[in-house]
Structure formats: C-alpha cells, structure tokens
Amino acid sequence: METPSNAAGTPERLYEERPDPSEVVRQGNVRRFSQISRVLVRHGFGFVFDVRRGRRQSLGAQEILGPNFGVRLRRTLEDLGPTFVKFGQLLSSRSDVLPEGVLIEMERLQDATSPVSVEVVRGVIERELGAPVEEVFEGFETVELGSASIGQVHRATLRSGGEVREVAVKVQRPEARSRVESDLALMRDLASFIHHRFGDRTIVDVRGLVAEFEVVIRRELDYEAEARNARRFAANFADTPVVIPGVYTGYSTGRVLTMEYVAGTRFHDITPLSLPPAERRRVAGMGADAIFKMAFEDGFFHGDPHAGNLILTPGGNLALLDFGMVDYMSRGDIDALGRLFVSVMQQDAEATLRGLEELGIRYSAHVRSALVQDLREFLYKYAGLSVGEVTISQALGELISLARRNRVSMPPVFSLMTRALATAEGLARSIDPSLNVYEVARPYARRLLRSRYSPEAIHDRSRERALEYARYAEDYPRQIRQVLAELSDGEMQVRLKHGGLDELTGEVDVLANRLVFALITGALLVGSSMLGAFDRGGPQVPVLGVPLVAFAGFSIALVLGGILLLLILRDRRI
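Please read these numbers as outputs of a predicted model, since none were measured by experiment.

(A) Representation of the overall build of the chain within the structure. Each helix and strand counted, the chain has 20 helices and 10 strands in total. Sorting the 574 residues of the chain into buried and exposed places 43% on the buried side. Taken as a whole, the chain presents about 30700 Å² of accessible surface, with 57% of it coming from carbon and sulfur.

(B) Summary view of the confidence of the model for the chain. In the predicted model, the chain carries a mean pLDDT of 77, and the fraction of residues at 70 or more is 77%. The secondary structure element of the chain with the lowest average pLDDT is helix H2 (residues 53-64), at 63, and the one with the highest is strand S5 (residues 256-260), at 94. Below a pLDDT of 50 lies the segment residues 7-27, which in the model reaches 37 contacts outside its immediate sequence neighbourhood of four places, other chains included.

(C) Region of the structure containing helix H9 (residues 206-221). Taking 1.5 Å as the rise per residue, H9 with 16 residues should run 22 Å; its terminal C-alpha atoms sit 22 Å apart, in good agreement. The secondary structure elements touched by the buried residues of H9 are helix H4 (82-91), strand S3 (163-172), helix H8 (176-198) and helix H10 (223-236).

(D) Local environment of the pattern of salt bridges. Scanning the entire structure with this criterion turns up 23 salt bridges. A salt bridge links Arg165 to Glu163; the nearest nitrogen and oxygen atoms lie 3.2 Å apart. Across the salt bridge formed by Lys170 and Asp322, the nearest N and O atoms sit 3.6 Å from each other. Of this pair, Lys170 sits in strand S3 while Asp322 sits in the loop between strand S9 (318-320) and strand S10 (326-328); the two residues are 152 residues apart in sequence, bridging distant segments of the chain. Lys170 sits in the buried class, given a relative accessible area of 17%. If you follow the salt bridges from partner to partner, you end up with Arg74, Glu78, Glu105 and Arg108 in one network.

(E) The arrangement of the pairing of strand S1 (residues 139-147) in detail. For S1 and strand S2 (residues 151-160), the ladder comprises 5 bridges, and the chain directions are antiparallel. Considered in S2, the bridge of Glu144 is made with His154. What sits between the antiparallel neighbours S1 and S2 is a turn of 3 residues.

(F) Molecular detail of the packing of aromatic side chains. Throughout the structure, instances matching the rule amount to 6 aromatic pairs. Relative to Phe213, the ring of Phe87 has its centre 5.4 Å away and its plane inclined at 75 degrees; by these criteria the two rings are edge-to-face. Placement of the pair is Phe87 in helix H4 and Phe213 in helix H9, with a sequence separation of 126 residues. Centre to centre, the rings of Phe137 and Tyr251 are 6.3 Å apart; their planes meet at 35 degrees, and the pair counts as tilted. Of this pair, Phe137 sits in the loop between helix H7 (133-136) and S1 while Tyr251 is found in the loop between strand S4 (242-243) and S5, placing the two residues 114 residues apart along the sequence. Clustering of aromatic rings is evident, with ring pairs tying together Phe233, Phe300, Phe323 and Tyr328. A cation sits over an aromatic face here: Arg232 above Phe300, 4.1 Å from the ring centre. When the ring centre of Phe237 is taken as origin, the NZ or CZ atom of Lys293, which lies over that ring, is 4.9 Å away.

(G) Layout of the pairing of S5. Most of S5 is tucked away: 4 of the 5 residues are buried. As paired elements, S3 and S5 share 5 bridges and run antiparallel to each other. Within S5, the position partnered with Val167 by the bridge is Glu260.

(H) Examining the sheet that holds S3 more closely. In space, the 4 strands of this open sheet follow the order S1-S2-S3-S5, with antiparallel pairing throughout. Across the chains shown, the open sheet's two edge strands, defined by having one partner strand only, are S1 and S5. Each strand of the sheet is rotated relative to its neighbour by a mean of 30 degrees, with strand direction disregarded. Helix H6 (residues 118-129) contacts S1, S2, S3 and S5 of the sheet and is inclined by roughly 105 degrees relative to S3.

Rules used in this analysis
Residues numbered from 1 in each chain as written. Predicted model: local features only at pLDDT ≥ 70, side-chain atom pairs only at ≥ 80, totals over all residues. Heavy atoms only, no water. Helix = DSSP H or I, 4+ residues; strand = E, 2+ residues; numbered from the N terminus. Buried < 20%, exposed > 50% of the residue type's maximum accessible area, 1.4 Å probe, protein only. Areas by Shrake-Rupley, 256 points an atom, 1.4 Å probe, with all protein chains shown as cover. pLDDT = per-residue confidence, 0-100. Contact = heavy atoms within 4.5 Å. Expected span 1.5 Å × (residues − 1). Salt bridge = Lys/Arg side-chain N within 4 Å of Asp/Glu carboxyl O. Pairing = 2+ DSSP bridges. Phe/Tyr/Trp six-rings, centres within 6.5 Å; stacked < 30°, edge-to-face > 60°. Lys NZ or Arg CZ within 6 Å of the ring centre and 35° of its normal. Axes fitted to C-alpha atoms, helices over the stretch in contact; angles between N-to-C directions.

Written out as structure tokens, the structure reads:
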C-alpha cells in the first residue's frame with residue numbers, strides 16, 4: 001500500500017454513445033453535422049447556411065446584436081451536448097471578446113449529466129488497475145459523490161500504511177474520449193465553415209477559440225496530468241492554510257484518479273450569517289488570498305476556481321479541488337503585470353498602454369491616440385475614488401469595454417488574469433461583503449514593486465537588455481546582406497492585402513452570375529422566336545397555334561427573366 005504523494009442535469013439530448021472514435025469520425029459525422037444544423041436553425045442561427053452573402057451577413061448582424069442572443073446561444077450549446085457545454089464554460093471566461101450579457105448566460109451552463117451505473121464504473125477501475133474493486137479498496141460506495149460529462153466521483157476506503165483511509169475515486173466515463181474526439185472534429189469543421197462564410201466579419205476568432213478549447217479539454221481528459229497539477233499545487237501551498245488533497249499514484253492512471261477525501265462545506269453552501277463576523281472575514285480573506293497567490297506569485301493557478309471547488313474544512317482551513325483545468329503565467333507576464341501596476345498608480349496613460357502591450361494586446365495603429373485618451377480618462381476617473389467606492393469587477397469590466405470599443409485584441413493571459421481577480425473578489429464578497437479585497441491584494445502588489453525595483457532585478461534587466469542589443473548588432477549585418485542579395489537577384493516579393501477586396505470579389509461574383517443568367521434568358525427568347533418564325537409543320541400548341549418548341553423555350557425564358565427581376569428587386573438595385 002502507499003501513502004499520498006504529497007503532504008499537504010443537462011441531459012445528452014443529441015449524443016449517442018459510440019465506442020470507436022475512428023468509426024465515429026468516419027461514419028457518424030454526417031449525421032451529427034445534420035443534427036447540429038437542425039439545432040442551429042431551431043435557435044435562430046440558420047443564417048449561417050444562407051447561400052446569399054448579403055442576406056447572410058445582414059441577418060447575422062441582426063441575430064447577434066439581438067437582446068436574447070446569449071439565451072439562444074446557451075440553449076444551443078445545451079442541446080448540442082456535454083462537449084459543447086464545456087466549450088460554453090470556456091467562453092464564460094472570455095470577457096475580452098464577449099459582452100457581459102452573453103458571459104452571464106455562459107456562466108449558467110452546468111456540466112451535469114446522468115451518472116453511469118456503478119457496474120460500468122467498476123469495469124473501468126478493474127481494467128485500469130488490473131484487479132477487482134474488492135481487492136483494491138476496503139470499501140467502495142455505489143452512490144456517486146458527483147457526476148459530470150467526463151467522469152464521476154465515488155467515495156471509497158483503502159488500507160495504506162497499516163490504517164484505513166478515506167479516498168475519493170474519480171473515474172472517467174468509457175465513452176468520454178470518443179465523444180470528445182468526434183465533437184472536436186465537428187467543432188473544427190464548423191468553425192472553419194463559419195470563418196469561410198463570414199471571414200473577418202465574425203465578432204470573435206471562432207477557429208482560435210476552438211483550438212484553445214481543444215488544448216483545455218485534452219488536459220482535462222488526462223488524469224495523470226491532473227495528478228501532476230495537484231502535486232505542484234501542494235508544493236506551492238505547503239506553508240499555507242490551503243489544503244490540497246494528496247494523490248495515491250499507485251491507484252491512479254490516465255482514467256482513474258484516487259485522492260484523499262476532504263470533508264467540509266463547499267463555499268457555495270456556506271451561510272455567511274451562521275459565522276461570527278471575525279470568522280467571515282478570515283474565511284473570505286483566505287479564499288481571496290489563495291487566488292491572488294496563484295495568479296501573481298506562483299504563475300500557476302486553478303483554471304476554474306468557482307465556489308464549488310473550494311471547501312471549508314472542519315478545522316477552518318481552505319481545501320481546493322479539481323485540478324483538470326490549470327492556467328499559467330510566465331515570469332515575464334508577472335513582471336509585465338508589475339510594470340502595469342506601477343503605471344496605473346502613477347496615472348500614466350502612455351506607460352499603461354506600453355504595459356498592456358507587454359502583456360500582449362494588439363490594436364490598429366490609427367486608434368492609438370484615441371486609446372491613450374480613453375485610458376487617461378479611465379485612470380483619472382478611478383483615481384479620485386476610494387477603494388470602498390469601486391470593485392475590481394467594475395473597473396475591469398469598464399477596461400474591457402474600453403478595449404472592445406477600440407477593437408483591441410486581448411491575449412488569453414489577460415482574460416485569465418481578469419477572471420482570477422473577479423473570482424477572488426466575488427468569492428470574498430459572497431462570504432463577507434464588507435471585506436476590502438484591495439487590502440488582500442496589497443501585499444502582492446508590494447512584492448511586485450519590490451521585485452521590480454530591487455538592485456538584483458535592475459542588474460538582471462540591464463544585463464538582458466545589453467545581451468539583446470548585442471544580438472541585434474550581430475544580426476543586422478546579416479539581415480542587410482540578405483535584403484541586398486534578394487534585391488540584386490530580383491527575388492524580393494511584396495504582398496499587398498486590400499481590406500475590402502474579398503467583399504468586392506463577392507459582389508463581382510454575384511454580378512457575373514446575374515449577367516450569365518440574363519444572357520441565357522435572352523438566348524432562349526431569341527432562339528424561341530427564330531424557331532417560331534421558321535417552323536414548317538412541327539407540333540403546335542392547340543389553343544395558341546404556335547410551335548410547341550418555340551412556346552416551351554419562350555416560357556422557360558419568361559420564368560428565368562422573372563426570377564432575375566425578383567433578385568434585382570429584392571436587393572433594391574435596379
């Protein structure tokens with residue numbers, strides 16, 4: 001036996017379980033894509049299939065800007081099944097690309113499915129651990145503690161080090177990987193289809209979001225990676241009141257994860273009024289402090305730190321659960337965050353913009369002056385308010401609106417950072433509304449400033465800059481020689497991209513199609529008239545007394561001409 005390795009219903013309405021992922025991708029995608037199409041049409045997204053470019057784009061703008069867009073998007077994802085629900089949960093953290101109303105609806109998505117039978121769970125455990133459940137565990141409860149789309153958790157006991165320990169066994173559903181693989185393939189196809197239909201007119205980079213989601217969901221499918229995450233969190237929180245359940249590596253695989261069972265009350269079940277005021281403040285500060293530490297000191301933080309993953313133990317400590325989704329901030333990101341903090345405190349809009357650029361934001365050059373002015377107004381507005389008059393969520397929400405107004409592209413690390421800040425504040429205020437979250441963040445801000453301006457940091461930055469300039473000096477002669485060689489050989493190419501050329505090309509295509517349509521109609525009219533004029537003894541139309549061939553061609557020409565006229569009148573272009 002072994003000890004832990006560290007000390008410290010949404011129904012699946014459209015998914016059919018299919019065990020072989022290759023078979024799914026080969027035979028099932030057409031049927032599944034048809035189901036997805038019907039769901040999109042039912043919830044008002046049928047415009048993506050409209051073959052007419054102008055109508056497709058105008059209807060798309062109306063539907064996306066409509067007041068109930070978020071509700072319809074949520075219901076669409078719920079109908080499409082668990083993988084799409086998890087994609088919506090990822091979108092709930094992207095405040096940099098989606099408006100607040102849509103984010104609220106995405107946060108309502110629940111990853112809850114009907115549990116699989118205990119016989120199926122036992123079968124997975126026995127295949128993964130190579131022994132019957134009775135031989136592995138002293139006891140195994142048949143009623144699950146929780147169930148989600150990827151796995152479910154059962155309480156069990158095992159003998160370790162001569163004593164019986166309570167554990168939580170997380171077991172992956174047998175069909176989870178095949179379902180995720182098939183749905184990911186379809187999501188990639190659907191994202192490419194939407195990009196092809198709308199191009200740069202989409203409000204978000206759908207293909208980029210799907211690629212980001214693919215990385216996240218694959219991590220969540222790997223229970224061995226989750227075990228490594230848990231051990232790293234345990235090392236980071238070794239000297240704090242935060243409890244990370246230990247992992248029993250001998251009883252864990254890529255599909256089964258056995259961890260210490262942590263008893264206590266989840267944060268969303270805590271009744272604040274049942275706690276004394278001092279205890280409320282301590283618990284709220286402890287939750288906020290843990291998230292600030294993860295985000296701004298360790299650079300390794302929980303990707304889904306909601307109230308259901310935080311537990312208040314009977315001993316008054318904070319326990320963190322579920323390590324499948326994690327996020328990273330590099331040391332460079334943390335340093336850039338420190339410089340940004342200094343710029344904000346000094347109310348320097350230009351320096352604030354440079355700090356945001358170091359974090360990876362992108363924007364068009366022509367909006368820079370307007371962006372600086374908006375940042376200056378933003379900084380002056382909040383400079384005159386005390387910390388009790390403004391919330392972090394409020395300030396971040398306004399900053400994100402400012403970025404969206406100026407079409408600023410925000411890097412993923414920024415959305416993760418803002419989510420961590422907003423979550424820390426929300427958790428703290430749900431327990432103790434009077435808590436000043438800024439006071440919790442102040443020690444981390446001080447440490448960021450000290451690390452930024454310490455003699456060692458200044459020396460390291462100077463050395464890095466000197467090495468960087470030396471590399472530039474070494475590379476420039478080679479680059480100049482390369483440019484001159486390409487010029488002399490005539491191999492230099494200049495590529496130009498016209499912003500409105502795609503739309504113009506589409507208009508030309510429509511014009512060319514209508515011109516061909518008109519030529520065919522005219523040819524039928526002329527040909528039918530000539531056949532009628534030169535006909536000698538052919539079949540006649542009884543009532544009209546005209547040649548049958550001429551009458552048929554003339555009728556077809558009239559129908560085609562009427563269709564062409566309707567198309568022109570519909571677009572109001574005559």
